[in-house]
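What the coordinates show
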Amino acid sequence: MIHSYSSEDKILLAVDCIIFGFDDEELKILLIKRDFEPEKGKWSLMGGFLKKHENLDHAANRILHHLTGLNNVYLEQLYNFSKVDRDPVERTLSVSYFALINITEHDTELTENYSAKWFSLSEAPSLIFDHTKMVKRAISRLRYRASNGPVGFELLPEKFTMRQLQKLYEAILGEKLDKRNFINKINSFDILVKLEEKDMSSSRKGSFLYKFDQEKYKRKADDGFSFKL
């Protein structure tokens, strides 16, 4: 006997994107004001609904581009949220994604053309529905990754100082790190390329710039090397 789908419940599937950025000092989150009811005018993550012809990854990229103009951004599926009453209008499941981007590369376009706004995590406003729970879970995932290996290089410029890297890790982990221990540990990973160039804005002597050696990192990760700080 062929089972008919017609008697089954139809449920909406939303996709919500959590966008993290870093400004050399703080970890920030990108939010927009919702322009339709319910909760019109309140702060929200970037979200939309899955279309019939899409898979989830395609939907996440489409929604992110539509709301921010961003393309080719690293997106990672995070978790699904299925509380029955999470959306007051319709029974809606949400699959959340998080992304890491460099603020300085995209800030003007995002704020001028798409009315998006960066907030530090400590000063972020209340969000609609269960979006705050999504953010907390994304932060937990990011901290877990950072505590076990190099993460967040998408948040830095292509060339960065050791101070910028340490500040990034402190922002993600939410704690101060000893400078000497951090530098020694990072150097022991042997995944950075030290450049001859210097950033002269930090001091008269300047600070050497580094690049992330992705090929070397991938080889070490494939070999099971531990990156725990």
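Scroll up a little and you will see the structure.
Residues numbered from 1 in each chain as written. Predicted model: local features only at pLDDT ≥ 70, side-chain atom pairs only at ≥ 80, totals over all residues. Heavy atoms only, no water.

**Quick word on the packing of helix α4 (residues 162-173) against helix α5 (residues 179-189)**
The condition is simple: Helix axes are fitted to C-alpha atoms over the stretch in contact, other axes to C-alpha atoms as well, and angles between N-to-C directions run from 0 to 180 degrees. Strands here are runs of E lasting at least two residues and helices are runs of H or I lasting at least four, both read from the DSSP assignment and numbered beginning at the N terminus. Angles are sorted into four bins: roughly parallel if under 35 degrees, roughly antiparallel if over 145, roughly perpendicular if 65 to 115, and oblique for all others. The contact definition used throughout considers only heavy atoms, calling two residues in contact when any of these lie within 4.5 Å. All residues other than Ala, Val, Leu, Ile, Met, Phe, Trp, Tyr, Cys, Pro, Asp, Glu, Lys and Arg, Gly among them, are scored as polar; the first ten of these are nonpolar and the last four charged.
Two elements in contact, α4 and α5, have axes whose closest approach is 11 Å; the angle formed by their N-to-C orientations is 100°. When the axes of α4 and α5 are compared, the pair comes out roughly perpendicular. Counting all contacts with α4, which are made through M162, L165, Q166 and Y169, the residues of α5 involved are K179, F182, I183, I186 and N187. Here the residues of the contact of α4 with α5 are counted per class, giving 6 nonpolar, 2 polar and 1 charged.

**Quick word on the packing of helix α3 (residues 131-148) against α4**
The line we're drawing: For any pair of crossing helices, the crossing counts as left-handed if the nearer helix is rotated counterclockwise from the farther one by less than a right angle, and right-handed if it is rotated clockwise.
Where α3 contacts α4, the two axes come as close as 9 Å, and the packing angle between them is 135°. In terms of orientation, α3 lies oblique with respect to α4. Crossing angle aside, the handedness with which α3 passes α4 is left-handed. When α3 is examined against α4, the residues L142, R143, A146 and S147 are found in contact with a partner set consisting of Y169, I172 and L173. Among the residues forming the contact of α3 with α4, the class breakdown is 5 nonpolar, 1 polar and 1 charged.

**Some remarks on the pattern of salt bridges**
To keep things clear, this is the line we draw: When a carboxyl oxygen of Asp or Glu is within 4 Å of a side-chain nitrogen of Lys or Arg, the pair counts as a salt bridge. Buried, partly exposed and exposed residues are distinguished by accessible area as a fraction of the type maximum, computed with a 1.4 Å probe on protein chains only: under 20%, between the cut-offs, and over 50%, respectively.
Counted according to the given criterion, the structure contains 12 salt bridges. The salt bridge partner of E76 is R145, with a shortest N-O separation of 2.5 Å. In this pair, E76 is assigned in strand β5 (residues 75-81) and R145 in helix α3, connecting sequence segments 69 residues apart. Residue classification places E76 among the buried residues on the basis of a relative accessible area of 10%.

**Examining the sheet that holds strand β8 (residues 160-161)**
Backbone hydrogen bonds are what pair the strands of a sheet, in a parallel or an antiparallel way. As a reminder, the rule being used: In this scheme, strands are said to pair when DSSP sees at least two bridges between them.
Spatially, the 3 strands line up as an open sheet ordered β8-β10-β9, and their pairing is antiparallel. Every interior strand has two partners, whereas the edge strands, β8 and β9 (192-199), have only one. Of the pairings in the sheet, the one linking β8 to strand β10 (residues 207-212) comprises 2 bridges and is antiparallel in character. Within β10, the residue paired with F160 across the bridge is Y210.

**Topic: the environment of R62**
Positionally, R62 belongs in helix α1 (residues 56-68). Aside from chain neighbours lying at most four places away, what touches R62 is F49, K51 and E54.

**Some points on α1**
Spacing of three or four residues puts side chains on the same side of an α-helix, whose turn is 3.6 residues. Test applied: Expected span, for any helix, means 1.5 Å times one less than how many residues it has. Read the arc as the range of directions from the helix axis to the C-beta atoms. The definition of a polar contact used here is a pair of N or O atoms within 3.5 Å, where within protein one atom must be able to donate a hydrogen and the other to accept one, and adjacent residues in sequence count solely through side-chain atom pairs.
Taking 1.5 Å of rise per residue, the 13 residues of α1 would be expected to cover 18 Å, and the 18 Å separating its terminal C-alpha atoms lies within 8% of that figure. Taken residue by residue, α1 has A59, A60, I63, L64, L67 and T68 as its buried positions. All buried residues of α1 lie within an arc of 130° about the axis, which places them on one face of the element. Its side-chain oxygen 3.1 Å from the backbone nitrogen of D57, N55 forms the N-cap of α1.

**What to know about the nonpolar core**
Selection rule: The nonpolar core is taken to be a set of buried Ala, Val, Leu, Ile, Met, Phe, Trp, Tyr and Cys residues, with the residues joined through side-chain atoms within 4.5 Å.
Counting 39 residues, the largest nonpolar core has I18, F20, L165 and L192 as its most contacted members. When residues of this core are traced back to their parent elements, those giving at least two are β1 (12-22), β2 (27-33), β5, β6 (92-102), α3, α4, α5 and β10. Counting residues per element, this core draws most heavily on α4, which supplies 7 residues. Look past the residues within four positions of L192 in its chain and what remains in contact with it is F153, F160, M162, L165, I186, Y210, K211 and F212. Residues C17, A59, L67 and V95 belong to the second largest nonpolar core, which totals 21 residues.

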